[in-house]
2 protein chains.
Amino acid sequence: MPQSPISISEAESRVMEALWDEAPLTSEQIVAAVQSNSDWHEKTVRTLLNRLLGKGAVEATRDGRRYLYAPLLTRTQWQSQESHSLLDRVFGGRVAPLLAHFNQHEKLSAKDIAELRKLIDAIERKER
Amino acid sequence: MPQSPISISEAESRVMEALWDEAPLTSEQIVAAVQSNSDWHEKTVRTLLNRLLGKGAVEATRDGRRYLYAPLLTRTQWQSQESHSLLDRVFGGRVAPLLAHFNQHEKLSAKDIAELRKLIDAIERKER
DNA sequence: GTTCCAAGACTACACGTGTAATCCAAAAGG
DNA sequence: CCTTTTGGATTACACGTGTAGTCTTGGAAC
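Computed from a prediction, not measured in an experiment: that's the story for all the values here.

S.K.: Can you lay out the packing of helix α1 (residues 10-21) of chain A against helix α2 (residues 27-35) of chain A for me, pointing to particular residues and giving the numbers?
M.R.: Between two packed helices, the angle of one axis relative to the other and the distance separating the axes together describe the packing. All names here are of chain A. Orientation of α1 relative to α2, taken along the N-to-C sense of each, is 110°, at an axis distance of 9 Å. For the element pair α1 / α2, the angle class is roughly perpendicular. As α1 runs across α2, the sense of the crossing is right-handed. From α1, Arg14, Val15, Ala18 and Leu19 reach across to α2, where they touch Ile30, Ala33 and Val34. Residues that form the contact of α1 with α2 fall into these classes: six nonpolar, no polar and one charged.

Structure below.
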C-alpha cells in the first residue's frame, strides 16, 4: 500500500511514461524519451523529474556522477487512481454508466465492442 | 457544437451538479444545494458560479432584482470531455484497456458485471 | 427622502502546475 | 592545475484554482 496516495500532474505523467516504458534511465535518456513525444525544453523535463523525486513517485540511485531513475509509483497504480477519480467525480462511482455513456455518446468501434465482449465473457466464465 | 471546449474545475463541477439536477435556480438555491453536500462558504459558491458564468458554462437571466441561472454546458458534454480526457491520457484512447483495468485491478461487483453484459448484448444486437 | 441590506461585482491570496533560466560543483579536457 | 562542460539544485514567474473577504448599488423599510 502506498503510504499516502501520490498524486502527479498531467505533465509529470508524461515523464513517468518514459520510465514506465523502460527503467532505470539516466536523466538524459528520460529527456530524450520525453522529447520524442513533445517539444519540451530539457530544463522543463528535468524540473518535472525533480518534482517527481520530491513526491516520491520515482527513486534515484547514484551511478558514478549521475543518477539512475526508476519509477516507484507504478503505471497500474496511477491508472487505478485516475480511473477511480473519474468514476467517483463524474459517474457516481459506477462502471456501467461509464460504459453506457461511451455507448450512447462516443463511438465504440467494432473492434472495441469485440474486445469488450471477449472481456465480459472471460469475466463471467471466471465468475461462475 | 460548443465553440471551444469549456473546461471546468473540480470545484466548479460541484456547482454545475446542482444546476444539472434542477434548473433554473437562483444563486441562493444553488448555494443551498451545494452546501447540502459540502461545507463551502456562501461566498465560495458564488465565486465559482461567477467563474462558470465567465466561462460560458452557465447563463444568467435577470428575474427582477436577481438572476436565474441555468447550465449551458450539459452534464453529458462534461462527462464526454472527462471520459475522453481520461482515456487519452491514461489508456491510450482505447476503451477495452480501461475495462480490462477495472477487471484486473478494481473490484467489479456481480451487479456491475450483469449490467455490463446487458449493455454489450444490447450494443451487439444493434450492431448487426 | 434617508438608511440599511442583500445580491452581485470586484479583490485577495496561497498553492500547484507549466515552463523554463540561473547557479553550482565535480568530472573531463587540455 | 586551470578551464570548460554538464548534470543536478535552486530560483522564477504567470496562470488556474480553492477559498474567501470587501465594495457597491439598487431596492426595501422606515
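S.K.: Can you break down the protein's contact with DNA strand C residue by residue, with the values?
M.R.: What surrounds DNA strand C is a group of 18 residues, the closest being A:Ser9, A:Ala11, A:His41, A:Thr47 and B:Ser27. Among the elements of the structure, α1 and α3 (42-55) of chain A together with α2 (27-35), α3 (42-55) and β2 (66-71) of chain B are those that each provide at least two residues to the surface near DNA strand C. Residue composition of the surface near DNA strand C, grouped by class: four nonpolar, eight polar and six charged.

S.K.: Account for unusual backbone geometry, naming residues and giving values.
M.R.: That bond from A:Ala23 to A:Pro24 is cis: its omega, -5°, falls within 30 degrees of zero. By the secondary structure assignment, A:Pro24 is in the loop between α1 and α2.

S.K.: Go over the relation of the copies chain B and chain A, please, and point to the residues and values.
M.R.: Rotating chain B by 180° and moving it 0.0 Å along the rotation axis overlays it on chain A with an RMSD of 0.1 Å. What the rotation and shift describe, once combined, is the action of a two-fold rotation axis. Looking at chain B, 97% of its interface residues are interface residues in chain A too, so the copies touch through the same face.

The rules behind each value
Residues numbered from 1 in each chain as written. Chains lettered and ligands numbered in written order. Predicted model: local features only at pLDDT ≥ 70, side-chain atom pairs only at ≥ 80, totals over all residues. Axes fitted to C-alpha atoms, helices over the stretch in contact; angles between N-to-C directions. Helix = DSSP H or I, 4+ residues; strand = E, 2+ residues; numbered from the N terminus. Parallel < 35°, antiparallel > 145°, perpendicular 65-115°, else oblique. Left-handed = near helix turned anticlockwise from the far one by under 90°. Contact = placed C-beta atoms within 7 Å. Nonpolar A, V, L, I, M, F, W, Y, C, P; charged D, E, K, R; others polar. Near = placed C-beta within 6 Å. Least-squares fit on C-alpha atoms with pLDDT ≥ 70 in both.

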